[in-house]
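An overview of the molecular structure
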Amino acid sequence: MILNKDNGKPFPSSLPFTHLKLFLLFPPQNLRPFHFDPNINKPTISNNLSSLLSFLGETMRRRPRATFIVSVLSIITVASFSLYLSRNVISTWHPYSDLPNAHSHFLLHTTINKNKNVIDDNNELGRQRRRVSSIKDSLSTVSVLIPDWEILVIVVTNTPFSSSDQYHCLFPNNANSLARFSGVLPFTNRLAFKCDFPESVRRHRMFSQPTLVRGGASVTELLKPMPQLIKWNFLVYESFSTENDVVVFAKGVNHRSGYDRSPKELRCVFDFGNGVRTAVTSSVQEVFRCPHPDFEPGLDSYYGLPQRIGVSLEIVAENMVVPSVAYYIPRPKPKLNAVEFVQAQPKHVLCACTMVYNVAKFIREWVMYHSKVGVDNFILYDNASDDDLYSVIGELRKEGYNISTLFWIWPKTQEAGFSHSVVYSKSKGMCSWILYVDIDEFVFSPSWGNESDPSLKSLLPREQPLEGGMKSRVGQVSMKCLEFGPSGQRRHPEEGVTQGYTCRMRAEQRHKSMVLVDAVEPSLWNVIHHFQMNEKEGFVSKQVSVEEGLVNHYKYQAWDEFKNKFRRRVSAYVVDWKQELNPTSKDRTPGLGFQPVEPNDWKHRFCEVRDKRLKLLTLQWFRLLTPNGYTMAWQNH
């Protein structure tokens, strides 16, 4: 307590923090008394400004060393206290408290509707929920700041929603932006929206979560402060339950440079009771595995729905729980008997998996071609497309093509998505082998020109005997890539990329792979299109010769197509090709730099070898004669 020198009474307890710093810098025994104007919250000095300056100068001359020491100590104290607060915000995070999930949302309205009780104002969680529910036509949400100043808004499960209504993101400073519906998250059926982060809000020191409302809701009903906006670069964003464990996907826990935390440094945290923790058994890239918790979730007694349990990761040494928007999904029911488990076989020999964004104009050619050469099923991880992708997929399904889609809204997570596809395929019994190529890549063999029934399956190894039964020793087949340039095109060729782009670079580039699902190393480590093999089980990789198999990668297309593709890559390595990051990455375009301006010679770049082999094959397989010439089978749909 600081006493007034003249009257011995303490200074007011509400002394502002700025004045506290003044006391630290200039010892109170030498200050004149403060007098507070009751109409304002700023102190005034009883003497004039010149007296104050004279006093400060005299004090600083008399005690320069003490003043400097006290100043340094005060700065350290304030910084330490701020750091403590910021860390405490994270370390005390719980999925139920920061994410108004289905269970907590239901409990709130059960209390209000059935008991007509008001939640205690001293309960912070109660205040957050009352704030959201007090806004007419609002939806209970959690929001994440993602690249390009966009906000991903995830709506609580089973919240009423009308597709005919227009929604907005409202911020505490009265700013708002249109909320665009993106899709429904798989497994938990939560709705996802995206909205732009207004310029006026970006200037704030701390970003607050918006409130998602239907048109007409009043922002003046918001109570402050809103929960802090979750940052994408440090977040648990997805989980998947296998029979034996839980796979958790998280950003920012491991570093992209290659440093992975030891599993011993981490624990999985399940938001049930006081929190249930299990040991992390694997920690690689953005993928973490841990045992199922020792409980079985019950049913919500009021709604009869499965109880939603948040799941996250704890960094043990730092006493920190990573913010999370992921839910734990109970383990699948066990197989009925061992005989059924042994006899069960994947539905498809060869699947193709890729991550897509706004590829409606390309998907038909890619699916029709690869179906022709032996792919039985297509698994598409949709990175929040907003074009006519699903309309085209619907047409292809009607024509008999097997296409599975997963809404995968998480940005820059291609490696994690492919890791997810392995456990997803296993759980569904979908695929023996999976081909990992992009939508602008076409796999072929130079020998197919002489074959009547060409198939990628001919490149798969035959089973070889190993101890314990018959298994394929080769668990991964890799093929080199040829990178094609714009080939003189000014716009997307209507007849398709295999017909329009015929000039490429001479050197062969990195490879793409077909992977045996059962051969993947349990950590699920991969580099986009290449997995680590489970060497303990005797599996190895094999690279075929360029005479056996190749991948035509139509990487550098007509300028508008290239610009759209590289402006928003789904790749994990380059966020935005205009940013000066990872300049040596192979995802960069040689010689382009960082300017989004078409080079004068763009349409003639990357052209060293004329290569029409795949053009002639596709022309032979997919040409349709018409009175005016011919079209390709994927045109005019």
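Remember, predicted model here, so these are calculated numbers, not experimental data. (Residues numbered from 1 in each chain as written. Predicted model: local features only at pLDDT ≥ 70, side-chain atom pairs only at ≥ 80, totals over all residues. Heavy atoms only, no water.)

1. Comments concerning the overall build of the protein
A tally of regular secondary structure across the protein gives 14 helices and 34 strands. Counting over 637 residues, the protein shows a buried share of 50%. Restricting to contacts in the protein with at least 6 residues of sequence separation, those with at least 24 account for 69%. For the protein, the computed accessible surface area is about 32,100 Å², with 52% contributed by carbon and sulfur atoms. (Helix = DSSP H or I, 4+ residues; strand = E, 2+ residues; numbered from the N terminus. Buried < 20%, exposed > 50% of the residue type's maximum accessible area, 1.4 Å probe, protein only. Contact = heavy atoms within 4.5 Å. Areas by Shrake-Rupley, 256 points an atom, 1.4 Å probe, with all protein chains shown as cover.)

2. Looking at the state of the cysteines
Disulfide: a covalent bond connecting the sulfur atoms of a pair of cysteines. Tallied over the entire structure, the rule returns 4 disulfides. Covalent S-S linkage joins cysteine 503 and cysteine 607, the inter-sulfur distance amounting to 1.7 Å. Between cysteine 503 and cysteine 607, the S-S dihedral sits near 80 degrees, and the bridge is therefore right-handed. Placement of cysteine 503 in strand 28 (residues 503–504) and of cysteine 607 in the loop between helix 13 (559–567) and strand 32 (609–610) is noted, with a sequence separation of 104 residues between them. Judged by relative accessible area, cysteine 607 falls into the partly exposed class, the value being 33%. (Disulfide = S-S within 2.5 Å.)

3. Some words on the pairing of strand 17 (residues 309–315)
The two faces of the sheet receive side chains in turn, since in a regular strand these alternate between them. Summarising burial for strand 17: 7 of the 7 residues are buried, a large majority. Neither face of strand 17 is exposed, since Ile309, Val311, Leu313 and Ile315 on one face and Gly310, Ser312 and Glu314 on the opposite face are all buried. Here strand 13 (residues 266–270) runs beside strand 17; their pairing, made up of 5 bridges, is antiparallel. Its bridge partner lying in strand 17, valine 269 is registered against serine 312. Bridge analysis of strand 17 against strand 19 (residues 327–328) gives 2 bridges, and the strand direction is antiparallel. The partner of isoleucine 309 across the bridge, within strand 19, is tyrosine 328. (Pairing = 2+ DSSP bridges.)

4. A few points about the packing of aromatic side chains
A complete count under the given rule lists 34 aromatic pairs for this structure. Their ring planes at 90 degrees and their centres at 6.0 Å tell us that phenylalanine 249 and tryptophan 408 sit as a pair that is edge-to-face. One end of the pair, phenylalanine 249, is in strand 12 (residues 245–251); the other, tryptophan 408, is in the loop between strand 22 (403–407) and helix 11 (414–428), and 159 residues separate them in sequence. A centroid spacing of 5.6 Å and a plane angle of 80 degrees characterise the contact between tryptophan 602 and phenylalanine 606, whose relative ring orientation is edge-to-face. Accessibility classification places tryptophan 602 together with phenylalanine 606 in one group, the buried group. Aromatic rings pair up to connect Tyr369, Phe442, Trp448, Phe484, Tyr501, Tyr554, Trp621, Phe622 and Trp634 into one cluster. For arginine 623, the ring lying beneath its charged end belongs to tyrosine 630, and the centroid distance is 5.8 Å. (Phe/Tyr/Trp six-rings, centres within 6.5 Å; stacked < 30°, edge-to-face > 60°. Lys NZ or Arg CZ within 6 Å of the ring centre and 35° of its normal.)

5. Some thoughts on unusual backbone geometry
At tryptophan 149, a position not held by glycine, the phi torsion is positive, near 55 degrees. Here tryptophan 149 shows up in the loop between strand 4 (141–146) and strand 5 (150–155). Look at tryptophan 149 and you get partly exposed, because its relative accessible area is 36%.

6. As for the pattern of salt bridges
Evaluated as defined, the whole model comprises 21 salt bridges. In this structure, the salt-bridge partner of glutamate 150 is lysine 194, at a minimum N-O distance of 4.0 Å. Taken together, the positions of glutamate 150 in strand 5 and lysine 194 in strand 8 (residues 191–196) put the pair 44 residues apart, joining distant regions of the chain. Taking the relative accessible area as the measure of exposure, glutamate 150 reaches 18% and is therefore buried. (Salt bridge = Lys/Arg side-chain N within 4 Å of Asp/Glu carboxyl O.)

7. Here's the deal with helix 14 (residues 613–622)
In an α-helix, one full turn covers 3.6 residues, which means residues spaced three or four apart are oriented alike. What helix 14 keeps buried is the set Leu614, Leu617, Thr618, Leu619, Trp621 and Phe622. Summarising the contacts, the buried residues of helix 14 are in contact with helix 9 (360–372), strand 24 (441–444), helix 12 (497–500), strand 31 (550–553), strand 33 (623–626) and strand 34 (629–632).

8. Looking at the side chain of arginine 504
Within the element layout of this structure, arginine 504 appears in strand 28. A polar atom in the side chain of arginine 504 sits 2.8 Å from the side chain of aspartate 611. Setting aside anything within four residues of it in sequence, one finds arginine 504 in contact with Leu482, Glu483, Phe484, Gly485, Phe606, Cys607, Glu608, Val609, Asp611 and Arg613. (Polar contact = N/O pair within 3.5 Å; in protein donor to acceptor, adjacent residues only side chain to side chain.)

9. Comments concerning the packing of helix 9 against helix 10 (residues 389–398)
Interhelical geometry of helix 9 versus helix 10 gives an angle of 25 degrees and a closest axis separation of 8 Å. Between helix 9 and helix 10, the interaxial angle falls into the category roughly parallel. Crossing handedness for the pair helix 9 and helix 10: right-handed. Here Ala360, Ile363, Arg364, Val367 and Met368 of helix 9 lie close against helix 10, whose contacting residues are Leu389, Val392, Glu395 and Leu396. Here the contact of helix 9 with helix 10 is composed, by residue class, of 7 nonpolar, no polar and 2 charged. (Axes fitted to C-alpha atoms, helices over the stretch in contact; angles between N-to-C directions. Parallel < 35°, antiparallel > 145°, perpendicular 65-115°, else oblique. Left-handed = near helix turned anticlockwise from the far one by under 90°. Nonpolar A, V, L, I, M, F, W, Y, C, P; charged D, E, K, R; others polar.)

10. Some points on the packing of helix 9 against helix 14
Close contact between helix 9 and helix 14 brings their axes to 12 Å; oriented N to C, the two are set at 85 degrees. With respect to helix 14, the element helix 9 is oriented roughly perpendicular. Every residue of helix 14 that contacts helix 9 at Met368, Tyr369 and Lys372 is listed here: Leu614, Thr618, Trp621 and Phe622. A class-by-class count of the residues in the contact of helix 9 with helix 14 yields 5 nonpolar, 1 polar and 1 charged.

11. Brief notes about helix 11
Taking 1.5 Å as the rise per residue, helix 11 with 15 residues should run 21 Å; its terminal C-alpha atoms sit 21 Å apart, in good agreement. Across the 15 residues that make up helix 11, a large majority, 12, are buried. Of the residues making up helix 11, those classed as buried are Gln414, Glu415, Ala416, Gly417, Phe418, Ser419, His420, Ser421, Val422, Val423, Tyr424 and Ser425. Among the residues trailing helix 11, glycine 429 stands out with phi positive, at a value near 60 degrees. (Expected span 1.5 Å × (residues − 1).)

12. Here we look at the pairing of strand 8
Of all 6 residues making up strand 8, 5 are buried, and the element is well covered by its neighbours. Where strand 5 and strand 8 come together, 5 bridges link them in antiparallel fashion. Considered in strand 8, the bridge of isoleucine 151 is made with cysteine 195. Pairing geometry for strand 7 (residues 176–184) and strand 8, over 4 bridges, is antiparallel. Among the inter-strand pairings, arginine 180 is bridged to a residue of strand 8, identified as lysine 194. Between strand 7 and strand 8, which pair antiparallel one after the other, the connecting turn spans 6 residues, and phenylalanine 187 there sits at a positive phi close to 75 degrees.

Purely geometric stuff here, so don't read any function into it on its own.
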